[in-house]
Amino acid sequence: MDSIFRELTRGKALMFILILGIGGSFQTGFHNTGMSSPSPYIKNFINSSWYERYAEYPPSATVNLIFGVIISTYAVGGLFGAASVKFVTGKFGRKKILIGTCLFSVVGGVIMLTSKNANSFEMIVAARLMNGFGAGLGGSVQLIYLMESSPKQLRSTLMLSNVFFLSLGKLSGQVLGLSVLLGREHLWNILLFAPACLVVVQLLALPFFPEAPRYLLMDGGDIVACRKALQRLWGPGEYQVEIDEMLAERAASKGVQVKSLLEFLQDSGIRSQIIAIAIISACIQLSGMSAISIFSFDILNKAAVPVDQIRYITLGFGASEVLATITSTLIVERCGRKPLLLGGFSIMFTMLLLITIMLNLKNPAPWVAYCTAALFMIFIMCVSGGPSGVNMALINDSFEQSHHPAAMTLSGLQRWGQFAVLGLVFPFINEGLGSYCFLLFSCFCLLGALYSFFLVPETKGKSPKEVSQQFKRLAVGGKFFGRNQFMETRL
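Residues numbered from 1 in each chain as written. Predicted model: local features only at pLDDT ≥ 70, side-chain atom pairs only at ≥ 80, totals over all residues. Heavy atoms only, no water.

1. Overview of the overall build of the chain
Looking only at helices and strands, one finds 27 helices and zero strands in the chain. Overall, the chain is about 70 × 50 × 45 Å in size when its C-alpha atoms are taken along their principal axes. Pairs at least 24 apart in sequence give 79% of the contacts found in the chain among residues at least 6 apart. Approximately 20400 Å² of the chain is accessible, and the part contributed by carbon and sulfur atoms is 66%. (Helix = DSSP H or I, 4+ residues; strand = E, 2+ residues; numbered from the N terminus. Contact = heavy atoms within 4.5 Å. Areas by Shrake-Rupley, 256 points an atom, 1.4 Å probe, with all protein chains shown as cover.)

Here it is in structure tokens:
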């Protein structure tokens, strides 16, 4: 830990990671949980706005539909943003794209701030769409920028800073959503505008940081600029070893174009990795974590938690998520990817079963509500410290440099697409199935555990080529073909 901190403080790397985080995944985390606390006030705003236009109150189903659209529009914007990654990264570099996404987020924040005085819930939809686009494009480019600016030995650890800032954003949304701060009916628009202030900080700070060193050398062939960028980020030194590695990789990949999404999907040599990443990502997104983050107020209210204590319990959710993310960052290189995937999904499955039982107890005692909240907290810690924390490292391990933009695009499209659908339909699932909706989520956790056990190899310390060989050796029963050869490759 001390050696990592020394590496980060020799140059501007620590500040660089901070600036990328607060304008990147922090925004996604804040907008996920920031909607939970003011959700009753936004529904009241929809009611009052509708009444002033039509002199009658809308049906509850209409209010749920509009609120679902507000939630899912953020993910729709993220979907379009993630789809744009491949088209813009090669043309404009990393830094310029992030500066552009800042403008989308700032404009979206201003629209959100003024929506209340304009008495327009449509403006909330527009603001969420712009914020989502900025988060979808900026979040993916943030990962590429960070990966291409990090030394090889720190790359996997620093990639997890994305998950840390996501968790920190969720916690910040819960803290500011407290009734003693901005969680009051007349302040909900200010609460949802607040993260735009940090985007302004990123917008002002980014011009003082260099372009990604790997991009400067691999795409531009500029060794001098690459060395200067490394020195600015990581402190004095010649960095000849890192530059030689980049030059060797550039020579090996000469004539190899960055894969488009279609070419990426059609590459039979990495099909097993693509399927594995897609299934793991789907199981994470459909585990119920997003629903719990966004609709935590409604879920805990149905669990009979006193209304005046719900926001403080959700604050505990956010704190436990940040703690689990930090723990995952510290142990992922020691424990490996597979144990965290398998253990995380298994405990998540168990927690969701226990939550369903607790929510369906007849005449429950008052302590049952708090026990249920504790189970939710354990579930959140397992998601953040397990599958969610490992997912990006798994993507980084599994694909070559030429595949990374397409892999990030596919992951972003899948994540935001599932988020959009879930945000739109969950209010109706929750209303129709009640507490049994968690049984549905538990099925995806069980699928993730079984798939991780049988069909996902350990990727820690392996090159993409070695990972590909490991996937090819997997049998349906989860055992490796050619066990002796595998051991030789690993050693």
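Back to the text.
2. Overview of the nonpolar core
Ranked by size, the top nonpolar core spans 117 residues in total, and within it I42, W234, F379 and F438 carry the most contacts. If one sorts the elements of this core by residue count, helix α8 (residues 121-147) sits on top with ten residues. When sequence neighbours within four positions are dropped, the list of residues in contact with W234 reads E7, L8, R10, G11, A13, S149, S150, P151, L154, L158 and Y239. Among the nonpolar cores identified, the runner-up in size contains seven residues, and Y74, W416, F419 and A420 belong to it. (Core = buried A, V, L, I, M, F, W, Y, C linked by side-chain atoms within 4.5 Å. Buried < 20%, exposed > 50% of the residue type's maximum accessible area, 1.4 Å probe, protein only.)

3. Topic: a nonpolar patch on the surface
On the surface, L65, V69, V421, L424, V425 and F428 cluster together to form a nonpolar patch covering roughly 440 Å² of accessible area. Elements with a contribution of two residues or more to the nonpolar patch: α5 (60-83) and α24 (404-433). Per element, the largest residue contribution to the nonpolar patch is four residues, and it comes from α24. Along the chain, V69 falls in helix α5. Taking the relative accessible area as the measure of exposure, V69 reaches 31% and is therefore partly exposed. (Patch = residues over 30% accessible without salt bridge, like charges linked within 9 Å, V, L, I, M, F, W, Y side chains within 5 Å. Salt bridge = Lys/Arg side-chain N within 4 Å of Asp/Glu carboxyl O.)

4. So, unusual backbone geometry
Backbone geometry at N119 places phi at a positive 55°, although glycine is not the residue there. As for its placement among the helices and strands, N119 is situated in the loop between α7 (95-115) and α8.

5. Structural notes on the packing of aromatic side chains
Scanning the entire structure with this criterion turns up 14 aromatic pairs. With centroids separated by 5.2 Å and ring planes inclined at 65°, the aromatic side chains of F264 and F399 adopt a geometry described as edge-to-face. Remark: F399 occurs in the loop between α23 (387-398) and α24 and F264 occurs in helix α16 (residues 261-266); sequence separation between them is 135 residues. Of the two residues, F264 and F399, both sit in the buried class. If you follow K43 out to its NZ or CZ, it ends over the ring of F67, 5.1 Å from the centre. (Phe/Tyr/Trp six-rings, centres within 6.5 Å; stacked < 30°, edge-to-face > 60°. Lys NZ or Arg CZ within 6 Å of the ring centre and 35° of its normal.)

6. Concerning the side chain of S49
Tracing the chain through its elements places S49 in helix α4 (residues 39-54). Residue S49 is classed as buried on the basis of its relative accessible area of 0%. At a separation of 3.0 Å, a polar atom in the side chain of S49 contacts the main-chain carbonyl oxygen of N119. Residue contacts for S49: discarding those within four places in its chain leaves N119 and F121. (Polar contact = N/O pair within 3.5 Å; in protein donor to acceptor, adjacent residues only side chain to side chain.)

7. Focus on the packing of helix α2 (residues 13-23) against helix α12 (residues 195-205)
Close contact between α2 and α12 brings their axes to 8 Å; oriented N to C, the two are set at 135°. Overall, the two elements α2 and α12 adopt an arrangement that is oblique. The two elements α2 and α12 meet at a crossing, and its hand is left-handed. Across the interface between the two elements, I19, L20, I22 and G23 of α2 pack against L198, V201, Q202 and A205 of α12. Looking at side-chain class alone, the contact of α2 with α12 contains six nonpolar, two polar and no charged residues. (Axes fitted to C-alpha atoms, helices over the stretch in contact; angles between N-to-C directions. Parallel < 35°, antiparallel > 145°, perpendicular 65-115°, else oblique. Left-handed = near helix turned anticlockwise from the far one by under 90°. Nonpolar A, V, L, I, M, F, W, Y, C, P; charged D, E, K, R; others polar.)

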